[in-house]
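The residues making up each chain are set out below.
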Amino acid sequence: MAPPNSGVHHISNPCIYGGFVSSYAERKSRFMKWLGKLFKSGSNRGGARGGVGGRAHPQLLGEENMVCSAPARSLDDRSRAGKEGEELDHALALSTAEDWKRPSGYRWGTKDEDLARSLQGTLNSSSFPSYDIPQYYPRNCRLCGGCQRDIGFGKYLGCMGEYFHPECFRCCSCGYPITETEFSLSGKDPYHKSCFKELTHPKCEVCHQFIPTNASGLIEYRCHPFWSQKYCPSHEHDNTARCCSCERLESWDARYYSLEDGRRLCLECMESAIMDTGDCQPLYHAIRDYYEGMIMKLDQEIPMLLVQRQALNEAIVGEKNGYHHMPETRGLCLSEEQTVASIQKRPKIGGYRLVGMRTESRKLTRKCEVTAILVLYGLPRLLTGAILAHELMHGWLRLKGYRNLNPEVEEGICQVLSYMWLESELPGSKGMPSTSVSTSAASSSSSSSSSSSKKGGKSHVENKLGEFFMHQIAHDATPAYGEGFRAANAAVSTPDGHPVLLLLKKGLSS
């Protein structure tokens, strides 16, 4: 046998199974016959394409037991080569079936089968080169501004010079993706328009709706100077209730109490409200003690009555002299003899109304320059005390013979005493600067008023109300009460002498 050539597979000697040896020539003849049929059918299908540019097939080399592998096939021949592989598999299956038809215990096998399997592997592997799908990377790679990952070939959004996955472009308020065509920006932070409106557009604290724009397209609202309560301008004219004490408007989700004289009282002011004359007596005597500590003892016993609005207004009409705070007066130092209906029994709460109040008419006779002091009922304790301090100063001036003072001087002095008393009740308040009286003459009176005023035991709500009443006095815009207070307070700041005497001296000289 000739020496083997390169690329040629040789068939080895037959294998022995059991006790029967197959003839090499017989096995060779049969196997080459099958292969001849296989390649002959492949050649017929190839036709004229076997020339230049056509397909090449495995070829038989004469009677030699050699098989050459055909050149590598093009991609267009893949399906046909697959069919040839299937035919080769079929030939191997027929050979195996004939072996099994022989008598039991006798089978033969040669390297011809290995050669066929090798040839099949050549057709399946060499004729079909693998092709890797190339990965495409864009020249300008886009990174998502949200997750900082490559956007790739999907949909994306462009905004503010950045790119985003649609699901990564999110509202900085609610955190949900922005899918609308319009949105709001604050700096570089995107928002849903509705979320941005919730964050920036003011809401009315009365009706809890967004405050509407005016005819010029601007947001116009009202704001309380102390409480910072924002509300629509329309609520000043739509009969929205206002607390008669703290001036706050009634919110639609809260109810104010209705007093029998038509006034409304908020829940916070209701907590410390004084409702009848008997309940007010301890506070009244505490403030008289405060005056005594200021070396301003009231020698006469001046009656004090809590009254309704109508009774107070009637008393104002009957009073010949005096200057009254408008639009509503809440206290009066009476000098004329009158008959006044005072409140003797506090009303009961029925729902959000105060009912069942009992009044008693009382004839007031003049025994001195001051007949009585009248104060509106239903006001918080600190406001009631501030009014009493103011009216008692009127009484003290009249008892001392100062009846013809300039209204700005007299009302200014009375406002200073009212402010000083509130200051003594709220040691930590930050209203107007403390007067010199707070550390001198007023210090001796603090102990006398602390027992009845429950100093230190007031709630945060009551302390805040006290700060508001001081704010009202300090920022009053009326000439007599506002300008008078500021001028008197400046005079009190002088460290020499008694503050009230200094005020009187300045007032009389002017």
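Residues numbered from 1 in each chain as written. Predicted model: local features only at pLDDT ≥ 70, side-chain atom pairs only at ≥ 80, totals over all residues. Heavy atoms only, no water.

- Per an unreviewed UniProt entry, the protein goes by LIM zinc-binding domain-containing protein and derives from Salix suchowensis.

### Focus: the pattern of salt bridges
- Per the stated rule, a full pass over the model turns up 14 salt bridges.
- Residue Glu198 is joined to Lys203 by a salt bridge in which the shortest nitrogen-to-oxygen separation is 3.7 Å.
- Between Glu301 and Arg288 there is a salt bridge whose closest N-O contact spans 3.8 Å. Of this pair, Glu301 sits in the loop between helix 6 (277–293) and strand 13 (304–307) while Arg288 sits in helix 6; the two residues are 13 residues apart in sequence, bridging distant segments of the chain.
- Accessibility expressed as a relative area gives 63% for Glu301, which makes it exposed. (Salt bridge = Lys/Arg side-chain N within 4 Å of Asp/Glu carboxyl O. Helix = DSSP H or I, 4+ residues; strand = E, 2+ residues; numbered from the N terminus. Buried < 20%, exposed > 50% of the residue type's maximum accessible area, 1.4 Å probe, protein only.)

### Observations concerning the environment of Ile387
- Position of Ile387 among the secondary structure elements: in helix 8 (residues 381–399).
- Taking the relative accessible area as the measure of exposure, Ile387 reaches 11% and is therefore buried.
- In sequence terms Ile387 and Leu332 are 55 residues apart; their C-alpha atoms lie 8.8 Å from each other.
- Other than its neighbours up to four places away in sequence, Ile387 contacts Arg330, Gly331, Val375 and Leu379. (Contact = heavy atoms within 4.5 Å.)

### Here we look at the packing of helix 6 against helix 8
- Closest axis-to-axis distance for the helix 6/helix 8 pair is 10 Å, and the angle between their directions is 50°. In terms of orientation, helix 6 lies oblique with respect to helix 8. Helix 6 and helix 8 meet at a crossing whose hand is right-handed. Side by side, helix 6 and helix 8 meet where Cys280, Leu283, Tyr284, Ile287, Arg288 and Tyr291 of the first sit next to Arg381, Thr384, Gly385, Leu388, Ala389, Leu392 and Met393 of the second.
- Broken down by class, the residue content of the contact of helix 6 with helix 8 amounts to nine nonpolar, two polar and two charged. (Axes fitted to C-alpha atoms, helices over the stretch in contact; angles between N-to-C directions. Parallel < 35°, antiparallel > 145°, perpendicular 65-115°, else oblique. Left-handed = near helix turned anticlockwise from the far one by under 90°. Nonpolar A, V, L, I, M, F, W, Y, C, P; charged D, E, K, R; others polar.)

### Structural notes on the pairing of strand 13
- Burial along strand 13 is two-sided: the residues Met304 and Leu306 and Leu305 and Val307 are all buried.
- Relative to strand 19 (residues 372–376), strand 13 runs parallel, the two sharing four bridges. Within strand 19, the residue paired with Leu305 across the bridge is Leu374. (Pairing = 2+ DSSP bridges.)

### Concerning helix 6
- Counted at 1.5 Å a residue, the expected span for helix 6 with its 17 residues is 24 Å, and the 24 Å between its end C-alpha atoms agrees.
- Taken together, the buried positions of helix 6 are Thr277, Cys280, Leu283, Tyr284, Ala286, Ile287, Arg288, Tyr290, Tyr291 and Gly293.
- Two to three positions downstream of the cap, the backbone nitrogen of Gly278 sits 3.1 Å from a side-chain oxygen, assigning the N-cap of helix 6 to Asp276.
- At the C-terminal side of helix 6, Ile295 shows a positive phi close to 60°. (Expected span 1.5 Å × (residues − 1). Polar contact = N/O pair within 3.5 Å; in protein donor to acceptor, adjacent residues only side chain to side chain.)

### Structural notes on the packing of aromatic side chains
- Taken as a whole and assessed by the stated rule, the structure comprises 10 aromatic pairs.
- For the ring pair Phe169 and Phe183, a centre distance of 5.2 Å and an interplane angle of 80° mean the geometry is edge-to-face. Remark: Phe183 occurs in the loop between strand 5 (162–164) and strand 6 (184–186) and Phe169 occurs in the loop between strand 5 and strand 6; sequence separation between them is 14 residues.
- Here Phe169 falls in the buried class, since its relative accessible area comes to 5%.
- On the basis of an interplanar angle of 40° and a centroid distance of 5.6 Å, the ring pair of Tyr257 and Tyr352 is categorised as tilted. Taken as a pair, Tyr257 in strand 10 (residues 257–258) and Tyr352 in the loop between strand 16 (348–350) and strand 17 (353–355) lie far apart in primary sequence, 95 residues in all.
- According to the relative accessible area criterion, Tyr352 is partly exposed, its value standing at 36%.
- Members of the aromatic cluster, joined through ring pairs, are Phe226, Trp227, Phe468 and Phe469. (Phe/Tyr/Trp six-rings, centres within 6.5 Å; stacked < 30°, edge-to-face > 60°.)

### Side note on the packing of helix 8 against helix 9 (residues 407–425)
- With their axes 8 Å apart at the nearest point, helix 8 and helix 9 run at an angle of 140° to one another. Our classification of the angle between helix 8 and helix 9 gives oblique. For the pair helix 8 and helix 9, the crossing hand works out as right-handed. Contacts from Arg381, Leu382, Gly385, Ala386, Ala389, His390, Met393, His394, Leu397 and Arg398 in helix 8 reach Glu410, Glu411, Ile413, Cys414, Gln415, Leu417, Ser418, Trp421, Leu422 and Glu425 in helix 9.
- Residues belonging to the contact of helix 8 with helix 9 are distributed by class as follows: 10 nonpolar, five polar and five charged.

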